[in-house]
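# Residue-level structure breakdown
Below are the chains, spelled out letter by letter.
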Amino acid sequence: MKNRKLLFGILFIGLLASSCYTEVIVEDDLISEPPIHTALVLESHDLWYVDINETRGNGEVPFLQRAFTISFDRGIIYANNNLSGLGKTGNGLGIDVGAYATYSGQVEIDHDVDGLWLLEVFALDYNTLELYDSRSDTSYILEGYQRNTFDYDMVFYDNIHLFLQEYQVWEKTYTSEVGALNEFDEENYLQFFNDGGGYFRSSVDAQGIPLSNLQWDYEGDYQVYDVANDASLKTLTLDYDFLGNDYFELYVINDSTIELYHVSSGTVYEFKGRGYIQYLKSGDGTSKKRSKTNNPVMDVTRQRDM
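Reading the values: rules and limits
Residues numbered from 1 in each chain as written. Predicted model: local features only at pLDDT ≥ 70, side-chain atom pairs only at ≥ 80, totals over all residues. Heavy atoms only, no water. Helix = DSSP H or I, 4+ residues; strand = E, 2+ residues; numbered from the N terminus. Contact = heavy atoms within 4.5 Å. Areas by Shrake-Rupley, 256 points an atom, 1.4 Å probe, with all protein chains shown as cover. Pairing = 2+ DSSP bridges. Axes fitted to C-alpha atoms, helices over the stretch in contact; angles between N-to-C directions. Salt bridge = Lys/Arg side-chain N within 4 Å of Asp/Glu carboxyl O. Buried < 20%, exposed > 50% of the residue type's maximum accessible area, 1.4 Å probe, protein only. Core = buried A, V, L, I, M, F, W, Y, C linked by side-chain atoms within 4.5 Å. Domains from an automatic or database assignment. Polar contact = N/O pair within 3.5 Å; in protein donor to acceptor, adjacent residues only side chain to side chain.

The chain is annotated in an unreviewed UniProt entry as Nicotinic acid mononucleotide adenyltransferase of Flagellimonas chongwuensis.

## Concerning the overall build of the chain
Regarding its fold elements, the chain presents five helices and 17 strands. Long-range pairs, those at least 24 residues apart, make up 54% of the contacts in the chain between residues at least 6 apart in sequence. Approximately 16500 Å² of the chain is accessible, and the part contributed by carbon and sulfur atoms is 51%.

## Points about the sheet that holds strand β1 (residues 47–50)
The sheet built from eight strands closes into a barrel, its strands ordered β1-β2-β3-β4-β5-β6-β7-β8 with antiparallel pairing. Here the average twist between neighbouring strands, direction ignored, is 35°. Pairing geometry for strand β6 (residues 115–125) and strand β7 (residues 128–133), over five bridges, is antiparallel. From the neighbouring strand, F122 faces β7, where its bridge partner is E130.

## Let's talk about the pattern of salt bridges
As enumerated under the stated definition, the model contains ten salt bridges in all. Here K234 ties to D226 by a salt bridge, and the two come within 2.3 Å at their closest N and O atoms. Judged by relative accessible area, which is 6%, K234 ranks as buried. In this structure D226 comes out as partly exposed when scored by relative accessible area, which is 21%.

## Points about the nonpolar core
F184, L190, F192, L236 and L238 are the most contacted members of the largest nonpolar core, which has 39 residues in total. Two domains each provide a minimum of three residues to this core, namely domain 1 (38–150) and domain 2 (155–298). When sequence neighbours within four positions are dropped, the list of residues in contact with L238 reads F184, L190, F192, F200, D221, Y222, G244, N245, D246 and F248. Residues L64, I70, I77 and I109 belong to the second largest nonpolar core, which totals 25 residues.

## Quick notes on the pairing of strand β9 (residues 167–175)
With seven bridges connecting them, β9 and strand β16 (residues 267–276) associate as antiparallel partners. Across the sheet, residue W170 finds its bridge partner in β16, namely G273. Relative to strand β10 (residues 189–193), β9 runs antiparallel, the two being bridged by two bridges. Within β10, the residue paired with W170 across the bridge is L190.

## Looking at the side chain of Q65
Secondary-structure assignment places Q65 in helix α3 (residues 62–66). Within the structure, the side chain of Q65 is placed 2.6 Å from the side chain of Y140, a separation counted as a polar contact. Here Q65 is in contact with I52, E60, Y140, K289, R290 and S291, once residues within four sequence places are set aside.

## A closer look at the side chain of T237
Structurally, T237 can be placed in strand β13 (residues 234–240). Once you skip the residues sitting within four places of it in the chain, T237 turns out to touch D221, Y222, Q223, Y225, D246, Y247 and M298.

## A closer look at the pairing of β10
Across a regular strand the side chains alternate sides, sitting on one face of the sheet and then on the other. Burial analysis of β10 places four of its five residues in the buried class, the great majority of the element. The pairing of β10 with strand β11 (residues 199–203) spans five bridges and is antiparallel. Of the residues in β11, the one forming a bridge with Y189 is S203.

## Topic: unusual backbone geometry
Peptide bonds are mostly trans, and most non-glycine residues show a negative phi. Its identity as a non-glycine residue notwithstanding, R74 has a phi of 50°, on the positive side. Take R74: it is sitting in the loop between β2 (69–73) and β3 (76–80). Residue classification places R74 among the exposed residues on the basis of a relative accessible area of 71%. Even without a glycine there, the phi angle at N91 is positive, about 55°.

## Remarks on the environment of D217
One can find D217 in the loop between β11 and β12 (218–227). Its relative accessible area of 37% is what places D217 among the partly exposed residues. C-alpha separation for the pair D217 and E187, spaced 30 residues apart in sequence, amounts to 9.4 Å. Sequence-distant contacts of D217, defined by excluding residues within four places in its chain, comprise S202, S203, V204 and D205.

## As for the environment of N254
Examined against the element boundaries, N254 turns out to sit in strand β14 (residues 244–254). In the structure, N254 is positioned 98 residues away from F156 in sequence and 9.6 Å away in space, judged by C-alpha atoms. A distance of 3.0 Å separates the side chain of N254 from the backbone nitrogen of T257, its partner in a polar contact.

Shown next, in the form of structure tokens:
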């Protein structure tokens, strides 16, 4: 009888212990989430486009604030900080700006100039990431692409106001024979700045002279516009003090050439960039940073016959 009681007691204690153990496992399953494989996620796309307009928070991560794209490749982080050379520099990935290591849901980036950053990584969907900096309470949204499917033209047109500022001067290299005579025919140089609202300078000096010898004849405000229902078209107005506005359709020919179509006269002008400003890293003396843009929208129809 004692043996039976002892055996029953042992079985009861074992059953109770098993029951408690099972309950803890179930509870853990309810509250735990499987960690993402951070390296696989970051390296799943060749390029991550930094959608600056989707940034949340009032702080910044300097190297993300400058970059159009970043890439994670076997411990090395690359960035495209310039539109000029986009798609060509570093076989499309850009320049080497640092190293990275991954942990469960985190990436530690040792930037060559900006130092050490520990960012949280959230996979929002198959090709969208959120990088969160807890120090500044700021999130950056990244859209993933492969190099052979990346729309480089889209990046140019989405950030064309920055492209205009990547050269010290734009020099006129072509004027079409077709088109009515107008005062802009005399302009040979343009220079664009981003000083709050954006202003430009222009010169009628002879083509081909050293940039240091340029004399600026006019200055005024400029504005880039989006066009309703035409994502591949931007328009540009140059507001000359006391001389009125010139209105153009703005096209990117390549990473150093733009075309201005003067709608009122029907004249086509090409300008080539001189004095390329390469934005390498924050310690190189340049201060260019991307910021959220909200171009005004024009409800116009494309006039240039392409």
